[in-house]
Amino acid sequence: MNIVKITIEEFVNTIYDRYIKLFPEDEQRDWNNIEKNYDLGIENFYKIVDDNKTIGFFMLERIKDYPYYCDYFAIYEEYQNKGYGSKAWEKLKEKIGNIGLVGEIEEVREDNSITVRRFDFYKKLGFKKIDSLYLLYDVYYEPVIVNCDLSKKTTDKILMDYYLINCGEEEVKKNCKFIK
């Protein structure tokens, strides 16, 4: 397995249709904003390749001297539940090294086995949960980090800066609240 950085053109030509199918419309970012961030050197596209076949992708961002932010990760449906997700994350962690990575997962709730399984997956890969909770577009999220050691305050600031770049100040004011 290999993680290969690709251009926005290759993403559009070979992966974009899958992105549209795998993520609900309300979870997709504005394409013009993605293009703008790519032109600014913030947005990065990676395809996940195994046996010369693309089996998934990552969309990562990096601003300033911050850790990477994982905006999207997907293993194509026909390759899911075969260990490819874990292998892809391990390869990505090798690729980014000590730069680190931040992201968020839906709030882990004991009464929702999907959220528990998702967190167990990330925990197995070395991610740790930061004791924060955000309400983004009516969904509760908790930040997770790997390959870096960040305080709650720093993690909150980093994620807020990414949200501002991705959504704009007006959208963030309207749709993002720090709960704790």
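This one's a predicted model, so the numbers in the text were calculated from it and none came from an experiment.

Enquirer: How do you make sense of the overall build of the protein chain when you look at a structure like this?
Expert: Along its length, the protein chain carries seven helices and nine strands. Its C-alpha atoms give the protein chain a radius of gyration of 16 Å, near enough to 16 Å, the size a compact globule of 180 residues would have. With the C-alpha coordinates of the protein chain rotated into their principal frame, the extents come out at 45 × 35 × 30 Å. Expressed as a percentage of its 180 residues, the buried residues of the protein chain come to 48%. Across the protein chain, every contact between residues at least 6 apart in sequence was considered, and the portion connecting residues at least 24 apart equals 60%. Carbon together with sulfur atoms contributes 46% to the accessible area of the protein chain, which is approximately 9,900 Å² in total. Here the protein chain contributes 28 positively and 34 negatively charged side chains, and the mean placements of these two sets differ by 5 Å.

Enquirer: Just to check I follow, could you spell out the environment of E25 for this structure?
Expert: With respect to the secondary-structure elements, E25 resides in the loop between helix 2 (16-22) and helix 3 (31-39). In sequence terms E25 and E170 are 145 residues apart; their C-alpha atoms lie 20 Å from each other.

Enquirer: What is the right way to look at the pattern of salt bridges in this model?
Expert: Once their charged atoms are close, side chains differing in charge can pair, the charge on each being opposite to the other. Here the structure, examined in full by the defined rule, presents 16 salt bridges. The closest approach of N and O atoms between E43 and R29, which form a salt bridge, is 3.0 Å. One end of the pair, E43, is in strand 2 (residues 43-50); the other, R29, is in the loop between helix 2 and helix 3, and 14 residues separate them in sequence. Look at R29 and you get buried, because its relative accessible area is 13%. Salt-bridge contacts for K129 lead to E142; the nearest nitrogen and oxygen are separated by 3.7 Å. Of the two residues, K129 sits in strand 6 (residues 128-129) while E142 sits in strand 8 (residues 139-146), which places them 13 residues apart along the sequence. On the accessibility criterion, K129 (34% relative accessible area) is partly exposed. Taking relative accessible area as the criterion, E142 reaches 9% and is therefore assigned buried. Bridged by salt links that share partners, the residues R29, E43, E61 and D71 form one connected network.

Conventions and cut-offs
Residues numbered from 1 in each chain as written. Predicted model: local features only at pLDDT ≥ 70, side-chain atom pairs only at ≥ 80, totals over all residues. Heavy atoms only, no water. Helix = DSSP H or I, 4+ residues; strand = E, 2+ residues; numbered from the N terminus. Rg over C-alpha atoms; globule rule 2.2 N^0.38 Å. Buried < 20%, exposed > 50% of the residue type's maximum accessible area, 1.4 Å probe, protein only. Contact = heavy atoms within 4.5 Å. Areas by Shrake-Rupley, 256 points an atom, 1.4 Å probe, with all protein chains shown as cover. Lys, Arg positive; Asp, Glu negative; His and termini not counted. Charge placed at Lys NZ, Arg CZ, Asp CG, Glu CD. Salt bridge = Lys/Arg side-chain N within 4 Å of Asp/Glu carboxyl O.

This is a description of form; function is not addressed.
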